[in-house]
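# Observations on the model geometry
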Amino acid sequence: MNEIEFYLAKSSKVDRVAPGDEISLSVDLVMAHDVTAPMAIREFYKIGIPSVFDHRKVLLVIDHCYPAPTVDARTNHRTMQEFGRRYGITVLSNGEGVCHQVLSEMGKLERGSILVGADSHTCTAGGYGAIGIPVGSTELAAVLATGKIDFEVPHTVGVCLKGNLPLNCSGKDVALSLLKEFGVRGLTDKAVLIFGEGVRGLTIGQRMTICNMTIETGAAIGYVSESLDMDDVDQIVTIDLNRLSPLVACPSSPGNVRPVSEVAGVPISQVVIGSCTNGRLEDIKEAARVLDGRKVAPYVNLVVVPASRRVVADAEREGLLAVLREAGAVITNPGCGPCFGAHQGLAADGDVVISTTNRNFPGRMGSRKAEIYLASPATAAASAVAGRLVEAELR
Amino acid sequence: MGFSTVIRGRVWVFADDVDTDQILPGHSMSKPPEELGKYAMSGSAIPDFPTKVKCGDIIVAGFNFGMGSSREQAPVALKQCGVALVIAKSFARIFRRNAINIGLPVMVADTTGLQNGDEIEVNLRTGSIRRLSDDWCVTGIPVSAVALETLEAGGLIEKVKRQVCGNEGRGLCSAGKDHKDH
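As a starting point, this report considers the structure included with it. Only a predicted model underlies this, so the values are computations on that prediction, with no experimental measurement involved.

## What about the sheet that holds strand β4 (residues 106-108) of chain B?
All names here are of chain B. As summarised here, the arrangement of the seven strands in space is β4-β3-β2-β1-β5-β6-β7, forming an open sheet in which the pairing is mixed. Two strands in the sheet have a free side with no partner beyond their single neighbour: β4 and β7 (137-139). The mean inter-strand angle of the sheet, taken between neighbouring strand axes irrespective of direction, is 30 degrees. Across three bridges, the pairing between strand β3 (residues 85-88) and β4 is parallel. Looking at the pairing, A88 lines up with V108 of β4.

## What about the interface of chain A and chain B?
At the interface, 45 residues of chain A touch 48 residues of chain B. With both sides pooled, the region where chain A packs onto chain B buries about 3800 Å², and carbon together with sulfur makes up 57% of that total. Our enumeration of links across chain A and chain B arrives at six salt bridges. R185 of chain A serves as the salt-bridge partner of D16 of chain B, at 3.7 Å between the closest nitrogen and oxygen. Taken together, the connections running from chain A to chain B amount to 16 residue pairs in polar contact (both at pLDDT 80 or more). Every element with two or more residues in the side of chain A that touches chain B is listed here: α2 (37-47), α3 (71-87), α5 (137-146) and β7 (148-152) of chain A. The element contributing the most residues to the side of chain A that touches chain B is α5 of chain A, with seven residues.

## Some details on the packing of aromatic side chains
Residues and elements named next belong to chain A. Tallied over the full model, the rule gives eleven aromatic pairs over all chains. Seen in terms of ring centroids, F44 and F83 are 5.8 Å apart; in terms of plane orientation they differ by 80 degrees. Their pairing is edge-to-face. Of the two residues, F44 sits in helix α2 while F83 sits in helix α3, which places them 39 residues apart along the sequence. The exposure class assigned to F83 is buried, which follows from its relative accessible area of 1%. Note on F83 and Y87: the rings are 4.8 Å apart at their centroids and 55 degrees apart in plane angle, and the pair reads as tilted. A residue pair is termed a helical-turn pair when its members lie 3 or 4 positions apart in one helix, as F83 and Y87 do in helix α3 at four residues. Considered together, F83 and Y87 belong to a single accessibility category, that of buried residues.

What counts, and at which threshold
- The residue numbers shown here count from 1 along each chain, following its written sequence.
- Numbering of ligands from 1 and lettering of chains from A proceed in the order in which they are written.
- Local features are withheld for residues below a pLDDT of 70 in this predicted model, meaning they are given only at 70 or higher, and side-chain atom pairs are given and counted only at 80 or more; totals for whole chains, interfaces and linings count all residues.
- With hydrogens and water excluded, all non-hydrogen atoms of the structure serve as input to the side-chain values.
- Criterion used throughout: strands pair if DSSP finds at least two bridges between them.
- Secondary structure counts use DSSP, requiring at least four H or I residues in a row for a helix and at least two E residues in a row for a strand, with both numbered from the N terminus.
- Axis geometry follows a simple rule: fit a line to the C-alpha atoms, using only the stretch in contact for helices, then measure angles between N-to-C directions, giving values from 0 to 180 degrees.
- In this analysis, two residues are considered to be in contact whenever any of their non-hydrogen atoms come within 4.5 Å of each other.
- The term buried area means the drop in 1.4 Å probe accessible area that two parts suffer when joined, counted for both and summed.
- Any Lys or Arg side-chain nitrogen located within 4 Å of an Asp or Glu carboxyl oxygen qualifies as a salt bridge.
- Counting of polar contacts relies on pairs of N or O atoms within 3.5 Å, with two restrictions inside protein: one atom must be capable of donating a hydrogen and the other of accepting it, and residues adjacent in sequence are counted only when both atoms are side-chain atoms.
- Pairing of aromatic rings covers Phe, Tyr and Trp, the last through its six-membered ring, and needs centres within 6.5 Å; plane angles under 30 degrees mean stacked, over 60 mean edge-to-face, and all others mean tilted.
- The rule is simple: take the accessible area with a 1.4 Å probe, protein chains only, and divide by the maximum for that residue type; under 20% is buried, over 50% is exposed, in between is partly exposed.

See below:
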């Protein structure tokens with residue numbers, strides 16, 4: 001068994017598991033947010049039991065639409081708050097930040113623990129070695145009732161990281177390199193196990209960023225190991241970090257990845273830095289290093305969406321937010337922001353957006369006739385200054 | 001509810017990699033659940049799909065249908081606007097599970113050759129697909145027994161209800177009775 005299989009076996013209380021086995025996992029933590037929780041709550045009520053399996057193991061986070069941009073969104077907040085009061089469940093409802101980041105800050109992500117989240121980017125927890133299983137609302141309701149989830153043990157693909165990142169590259173470029181390798185369906189239903197000496201040089205934040213985008217390859221699990229080598233995986237793909245260059249996912253698929261140098265020069269109109277992919281302190285710092293003493297180009301809008309309140313506080317203390325404001329950025333409250341096209345910086349027909357988020361599907365940020373490029377905070381910030389897509393020059 | 005494993009309907013063809021933002025755009029996710037059908041496929045190449053689709057229609061698509069978000073609103077919207085079945089060369093993991101869980105059948109098959117408006121008959125148990133006009137046939141992967149069981153129960157919640165209330169918690173069930181129908 002590889003490391004992921006070891007923890008799956010442990011959680012399902014069997015000695016061994018193999019790919020294809022149907023197992024039932026005991027869930028350590030259940031999480032949902034304001035887009036998925038209301039539907040899950042409705043389904044949970046239909047089951048008709050007086051309590052959730054363990055109220056201490058449930059966390060609800062209002063992060064997608066906060067403060068409420070519509071009355072419907074506010075209704076969803078209230079549904080969650082009422083459910084929380086009724087069952088003694090913690091509901092973070094004051095703009096604490098994106099669920100995936102907040103979970104990390106709360107110290108809830110232990111290696112080998114099973115997290116079920118009603119959000120596709122639940123895989124972000126793999127940066128800590130937690131096994132994040134993304135589900136929809138109905139399956140979440142079932143888990144709320146039973147504390148268990150049926151799971152088919154996936155085949156595992158190993159990704160061996162070697163070397164160290166160049167200065168102008170970060171976790172996002174590693175994530176994009178995986179998408180370059182596998183495309184948007186190359187790892188459907190597989191587990192991705194990232195290991196090797198290259199992991200040692202990556203911060204927890206970078207590991208989270210890499211795991212965050214494993215769902216974009218179709219993967220069932222994204223997981224970072226601290227082991228130097230790995231047995232019992234179907235195949236191993238090696239990525240030499242020393243040889244990475246800044247990458248960008250071009251419109252309109254996260255799998256349409258090319259070196260920034262190949263597509264440099266595209267004029268842009270809006271830049272978004274933030275989200276569960278790249279809204280952590282180190283991402284804000286990366287952007288601030290590029291923006292320090294410079295100004296956003298005329299007719300370009302820069303929207304910064306910190307991933308959590310703690311990120312805001314830390315960035316404020318370190319003077320980073322002042323640097324961003326001086327450069328011409330608008331800084332929103334922590335949350336999901338415009339990433340999924342509901343509010344706070346939508347794109348219109350003809351807009352060309354560079355975003356540090358995770359998806360650039362047609363219409364993802366508003367209009368289907370807007371184009372979205374996905375890149376690192378450094379690339380996004382440098383492009384905001386240049387008014388066109390460029391590589392950052394970091395020393 | 002009368003779930004049938006033989007489904008006959010008119011075809012809508014979609015390409016590879018239809019993502020969840022195309023199936024149900026982000027801005028419409030917060031809408032009340034009973035209104036979601038009005039936004040089905042509104043981010044796709046056929047944005048006026050909800051006004052054109054008829055109850056019982058079938059979507060046939062390429063690889064990786066439903067990639068992206070975990071939003072269950074996507075299959076709910078399809079079901080609500082009348083889509084009876086989605087057939088694709090492959091599905092994204094979360095969408096596939098969500099669809100079955102809410103009672104929308106999905107089946108894997110290569111339906112290259114079918115065109116918009118074709119009438120087909122599909123047998124979920126055998127995986128057979130037949131075009132009514134000329135008896136063109138193809139066989140896909142039969143829907144699994146576990147998935148059929150969920151579909152026949154009317155979705156995952158009905159199945160869980162039987163589990164929780166049938167075996168361990170008969171006494172517990174009455175406590176939540178007031179929520180049973182909503």
